[in-house]
Amino acid sequence: MRELKNEELKQMIKAKGFKLTKQRISVVLVLEQCEGEHLTAEEIYERVKQESPEIGLATVYRTIQLLLDLKIIDRLNLDDGCVRYELDNLDNTHHHHHLVCEQCGTIYEVKDDLLDTIEQQVQRDYKFEITNHILKFYGVCEQCNQK
Ligand SMILES: [Zn+2]
Ligand SMILES: [Zn+2]
Ligand SMILES: [Zn+2]
């Protein structure tokens, strides 16, 4: 059985009482290796199968649901009609932002939160404690702009 590279992630899964079966680990491994790729359940299944050929799509769906419940992964809607997943919140930070290129469809990730000022203002003005946010920017990426 291959090991999870991300020790933090492993500890987090164990801390939540999640049994680390081989099949579950292979789902998490795929998500870890494909960071930034925003895979669909079918794409996760295709990749997990290479490592664990005996795994079924239903098991992959159940594992995804469990990881969602544990808040280890997030569900994404990137406007392409697919539900996509990615690892998130490993260090208890807010969700990163996505840049959606309207010409080529590429999704870029913004690693920094950048919303501190807005968050403080909202918390102050609305007495609302912000725990997370989902933010997508639409536009034209550098490569498409150069064409
Ligand atoms: Zn992302
Ligand atoms: Zn934030
Ligand atoms: Zn583009």
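In case you missed it, the structure is sitting above this.
Residues numbered from 1 in each chain as written. Chains lettered and ligands numbered in written order. Predicted model: local features only at pLDDT ≥ 70, side-chain atom pairs only at ≥ 80, totals over all residues. Heavy atoms only, no water.

(A) Summary view of the sheet that holds strand 5 (residues 107–110). Taken together, three strands build an open sheet; the order of strands is 5-4-6 and the sheet is mixed. Strand pairing shows two members of the sheet lacking a second neighbour, strand 5 and strand 6 (136–139), which therefore form its edges. Here the strands of the sheet are splayed against their neighbours by 25° on average, with no regard to which way each runs. For strand 4 (residues 97–101) and strand 6, the ladder comprises four bridges, and the chain directions are parallel. Among the inter-strand pairings, Val 100 is bridged to a residue of strand 6, identified as Tyr 138. (Pairing = 2+ DSSP bridges. Helix = DSSP H or I, 4+ residues; strand = E, 2+ residues; numbered from the N terminus. Axes fitted to C-alpha atoms, helices over the stretch in contact; angles between N-to-C directions.)

(B) Seen up close, the layout of surface pockets. Of the pockets and cavities examined, the second largest pocket occupies roughly 200 Å³. Lining of the second largest pocket is provided by ten residues; of these, Lys 71, Ile 73, Asp 74, Asp 88 and Asn 132 occupy positions nearest its centre. Looking at the lining of the second largest pocket residue by residue, the classes come out as three nonpolar, four polar and three charged. Mapping the lining of the second largest pocket onto the domain boundaries places at least three of its residues in each of domain 1 (1–92) and domain 2 (93–147). (1 Å grid on protein atoms, 1.4 Å probe; cavity = no way out; pocket = protein on both sides within 12 Å on 5 of 7 lines; lining within 4 Å. Points joined across faces, edges and corners; volume = space filled by probe spheres on them. Nonpolar A, V, L, I, M, F, W, Y, C, P; charged D, E, K, R; others polar. Domains from an automatic or database assignment.)

(C) Broad picture of the packing of helix 2 (residues 22–33) against helix 4 (residues 57–69). Between helix 2 and helix 4, whose axes approach to 10 Å, the crossing angle comes to 70°. One element, helix 2, and the other, helix 4, form an angle in the roughly perpendicular class. At the point where helix 2 passes helix 4, the crossing takes the right-handed sense. Judged by residue contacts, Gln 23, Arg 24, Val 27, Val 28 and Leu 31 of helix 2 engage Thr 59, Val 60, Thr 63, Leu 66 and Leu 67 from helix 4. Residues that form the contact of helix 2 with helix 4 fall into these classes: six nonpolar, three polar and one charged. (Parallel < 35°, antiparallel > 145°, perpendicular 65-115°, else oblique. Left-handed = near helix turned anticlockwise from the far one by under 90°. Contact = heavy atoms within 4.5 Å.)

(D) Layout of the packing of helix 3 (residues 41–51) against helix 4. One way to put it is that helix 3 packs onto helix 4 with a least axis distance of 10 Å and a crossing angle of 120°. Between helix 3 and helix 4, the angle falls in the class oblique. Like other packed secondary-structure pairs, helix 3 and helix 4 cross with a definite hand, here right-handed. On helix 4, the residues touching Ala 41, Glu 42, Ile 44 and Tyr 45 of helix 3 are Leu 57, Val 60, Tyr 61 and Ile 64.

(E) Representation of the coordination of the zinc ion (ligand 2) within the structure. Taken together, His 94 (ND1), Asp 113 (OD), Asp 113 (OD), Glu 119 (OE) and His 133 (NE2) make up the full set of protein donors to the zinc ion (ligand 2), lying 1.8 to 2.6 Å away. Along the chain, the residues donating to the zinc ion (ligand 2) fall in the pattern H-x18-D-x5-E-x13-H. With Glu 119 in helix 5 (residues 116–126) and His 133 in the loop between helix 5 and strand 6, this pair connects stretches of sequence that are 14 residues apart. For Glu 119, a relative accessible area of 10% puts it in the buried group. Using a relative accessible area of 13% as the deciding quantity, one classes His 133 as buried. (Donors = N, O, S within 2.8 Å, 3.2 Å for Na, K, Ca; no water. Buried < 20%, exposed > 50% of the residue type's maximum accessible area, 1.4 Å probe, protein only.)

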